[in-house]
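The primary structure of each chain is shown beneath.
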Amino acid sequence: LHVTGNRLILTNWFSTSRVVLGPNDTVKMWIDGKAVESKTKEWIELTNPATNEVIAKVPKCTQSEMKAAAESCKKAFQSWRDVSIISRQQCMFKLAELIRRDMKKLAHNITLEQGKTHADAEGDVIRGLQVVEHACSVASLQLGETLPNVSKDMDTYSIRVPLGVTAGITPFNFPAMIPLWMFPLALVCGNTMLIKPSEQDPGACMMLVEMAKEAGIPDGCVNVIHGQHDAVNFICDAPEIQAISFVGSDQAGQYIYERGSKNGKRVQSNMGAKNHGVIMPDANKESTLNQLTAAAFGAAGQRCMALTTAVFVGESKKWLPDLVAKAKQLKINAGWESGTDLGPLISPQAKKRVLGLIDSAKKEGADVMLDGSNVTVKGYEKGNFVGPTVISGVQPNMTCYKEEIFGPVLCVLTADTLDEAIDLINNNPYGNGTAIFTTNGATARRFTQQIDVGQIGINVPIPVPLPMFSFTGSRGSFRGDNNFYGKAGVNFYTQLKTVTQMWRAEDASKEAKPQLAFP
Ligand code: NAD
């Protein structure tokens, strides 16, 4: 990786599908195991968030291109479904190895297109890689159930079979991890998948599907189309597609859930969040404040599990100035510069939205103790940077509390008791994640029992479960039945077939009569 002036040059790309470097370069589709140029006339600019330079164009694929991609998935399913589970498992072992081999390249691409720091980009890849590693245990994950002797000479067994063609629609904030939440598990269970990555940073997904080919996954099993609303509508309506995995904002998620379900598809939809961290006065002060700072401002707050709302209980509110002091020390810069703590937001529109929300807090009477609105970064004056911002005196009726900010902004509230903090959180419509900081086991246990949020951290600020569990956001943060990855993920990508069999050596006697009553 070299930086020349403001321009980032990625070296050693070894394929046509991979990273692109100028306004005339194009991101390809991936169909039938090949990088294919779109014939569309409509293109979306792909920009580097630290400089706002255009680094490529992303096609809005045409209807016939999308149809061809879906048909290719459908055709590939006919043979992929019969490939032995051991062979599918071997592909996952290989894919995991290739992701590890290309970790740095993936991370460089993520930093270039998404903006996060290089170390954080590696984390993005690693959390996705863990799902691939988990998919390697498909031989146990996809086991059915058997019950012998349900009646005389009769046994019942169930098997988990693939659905057919599935689809994945992904957001910009984890360009490697979220495609990896989807296609490895879908494929290892015997499905094929059509992916529409975020138009804001599709590079990592393109690299991953190319690795899938190298790992031995047959052509057509995973295809990629690009675009925005039309591509999403295509996926919701295409009769070839049986199920949709979506991760992104509420607006898109609710729409896709409704349109996809209406068309008879199985849909899982992970959406927005407002994650609260409760700070008890008995918590370990320094580690709690470090964890809060990292979880609020890491990735410039562009994580669905960012801890964006601190609730100081009782005397712990006295720690607020120390929290502000820690936030002030964070270094904001382009993600590839060494020592950077947080990079830019994804786009000028995202920056404008976040600045608007900080402004609304000022107007609605909150106290902006640390204001990152006017930050400029030397050498990257055109980037979408917002500095760490701490807003105290936030009330539940304020706009900055009601909306997901998705920027480096921590809203601070106070509560007199743990029960008051629990009520506040349970009254918030989102249920993605929450955390409590305490040294008291009974307090932590009470919190865990009473809180109505799907993922809970106890002295763990971002409690994203590893893939032997599932990502269990709840209430307003999730629609669907089966969550992403883990056992629930396998359930999502499979359906049950239940077989009842009777094997009896002797025939019935001539006197026996047909039994018409329901047995
Ligand atoms: P987004 O909803 O804007 O985009 C996600 C995908 O949907 C993209 O592929 C995009 O092209 C498409 N899309 C966008 N608007 C659409 C619309 N109106 N109709 C149809 N399709 C549309 O989300 P984003 O900005 O890329 O990602 C950030 C959001 O994702 C945040 O709200 C964040 O909390 C959420 N997120 C949630 C999780 C989770 O697991 N709960 C994980 C990551 C991100």
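Definitions and limits used
- Residues numbered from 1 in each chain as written.
- Predicted model: local features only at pLDDT ≥ 70, side-chain atom pairs only at ≥ 80, totals over all residues.
- Heavy atoms only, no water.
- Helix = DSSP H or I, 4+ residues; strand = E, 2+ residues; numbered from the N terminus.
- Near = heavy atom within 4 Å.
- Polar contact = N/O pair within 3.5 Å; in protein donor to acceptor, adjacent residues only side chain to side chain.
- Areas by Shrake-Rupley, 256 points an atom, 1.4 Å probe, with all protein chains shown as cover.
- Nonpolar A, V, L, I, M, F, W, Y, C, P; charged D, E, K, R; others polar.
- Buried < 20%, exposed > 50% of the residue type's maximum accessible area, 1.4 Å probe, protein only.
- Contact = heavy atoms within 4.5 Å.
- Pairing = 2+ DSSP bridges.
- Axes fitted to C-alpha atoms, helices over the stretch in contact; angles between N-to-C directions.
- Arc of directions from axis to C-beta.
- pLDDT = per-residue confidence, 0-100.
- Salt bridge = Lys/Arg side-chain N within 4 Å of Asp/Glu carboxyl O.

Here's the deal with unusual backbone geometry
Here the phi dihedral of Phe406 falls at roughly 55 degrees; this positive angle occurs in a residue that is not glycine. On the secondary structure map, Phe406 appears in the loop between helix H13 (399-402) and strand S18 (409-415).

Description of the site of the ligand
Around the ligand sit 25 residues, and of these Thr170, Glu199, Ser249, Met271 and Glu404 come closest. Contact distances for the ligand include 3.0 Å between an oxygen atom and a backbone N or O atom of Phe172. One nitrogen or oxygen atom from the main chain of Met271 is found 2.8 Å from a nitrogen atom belonging to the ligand. Protein contact buries 89% of the 840 Å² of open area that the ligand shows by itself. When residues of the shell around the ligand are traced back to their parent elements, those giving at least two are helix H6 (177-188), helix H8 (229-237) and strand S12 (241-247). Class assignment for the residues of the shell around the ligand results in 13 nonpolar, nine polar and three charged.

Observations concerning the environment of Pro388
Following the sequence through the fold, Pro388 ends up in the loop between strand S16 (367-370) and strand S17 (389-392). Using a relative accessible area of 10% as the deciding quantity, one classes Pro388 as buried. Linking Pro388 and Tyr257, residues 131 residues apart in sequence, is a C-alpha distance of 34 Å. Residues within four places of Pro388 in sequence aside, it is in contact with Phe297, Ala327, Leu330, Leu342, Leu370, Asp371, Gly372 and Pro408.

Quick word on the sheet that holds strand S21 (residues 456-458)
Each strand in a sheet pairs with its neighbour through backbone hydrogen bonds, running either in the same direction (parallel) or in the opposite one (antiparallel). Taken together, the seven strands give an open sheet; going across it, the order is S16-S17-S18-S15-S14-S20-S21, and neighbouring strands pair in mixed fashion. Looking at which strands have only one partner, the edges of the open sheet turn out to be S16 and S21. The mean angle between the axes of side-by-side strands here comes to 25 degrees, regardless of whether they run parallel or antiparallel. For strand S14 (residues 275-279) and strand S20 (residues 434-437), the ladder comprises four bridges, and the chain directions are parallel. Bridging across to S20, Gly277 finds its partner in Ala435. Taken strand by strand, helix H10 (residues 285-297) contacts S14, strand S15 (307-313), S17, S18 and S20, and its axis lies near 150 degrees from that of S15. Along the sheet face, helix H11 (residues 320-328) touches S15, S16, S17 and S18 and points at about 55 degrees away from the line of S16.

Examining helix H15 (residues 441-450)
For H15, every residue scored as buried is listed here: Thr443, Ala444 and Phe447. Within H15, the buried residues cover an arc of 100 degrees as seen down the axis, which keeps them to one side. In H15, those exposed residues whose orientation departs by more than 90 degrees from the buried face are Gly441, Ala442, Arg445 and Gln449. In this structure, the buried residues of H15 make contact with S14, helix H14 (418-427), S20 and S21.

Things to note about the side chain of Gln142
Along the chain, Gln142 turns up in the loop between helix H5 (138-141) and strand S7 (145-151). For Gln142, a relative accessible area of 10% puts it in the buried group. In this structure Gln142 touches Ile85, Arg88, Arg160, Val188, Cys189 and Thr494, once residues within four positions along its chain are discounted.

Section: the confidence of the model for the chain
Low-confidence regions, as indicated by low pLDDT, have predicted coordinates that should not be scrutinised in detail. Of the residues in the chain, 96% reach a pLDDT of 70 or more, and the chain-wide mean stands at 95. Of the regions scoring below 50 in pLDDT, residues 1-20 engages in 60 contacts with residues more than four places distant in sequence or in other chains. Under the prediction, the complex receives an ipTM of 0.98, its pTM being 0.96.

Some points on the pattern of salt bridges
Tallying each qualifying case throughout the model produces 25 salt bridges. Linking Glu403 and Arg353 is a salt bridge whose minimum nitrogen-to-oxygen distance equals 3.7 Å. Taken together, the positions of Glu403 in the loop between H13 and S18 and Arg353 in helix H12 (residues 348-363) put the pair 50 residues apart, joining distant regions of the chain. Arg353 sits in the partly exposed class, given a relative accessible area of 38%. Among the salt bridges present, the one from Asp359 reaches Lys363, with a minimum N-O distance of 3.2 Å. Taken as a pair, Asp359 and Lys363 lie in helix H12 at a separation of four residues, close to a single helical turn. Looking at Asp359, the relative accessible area reads 31%, which means it is partly exposed.

Side note on the sheet that holds strand S24 (residues 494-502)
Here three strands make up an open sheet; going across it, the order is S7-S8-S24 and the pairing antiparallel. Each end of this open sheet is capped by a strand with a single partner; those strands are S7 and S24. The average angle at which neighbouring strand axes cross in this sheet is 25 degrees, direction not considered.

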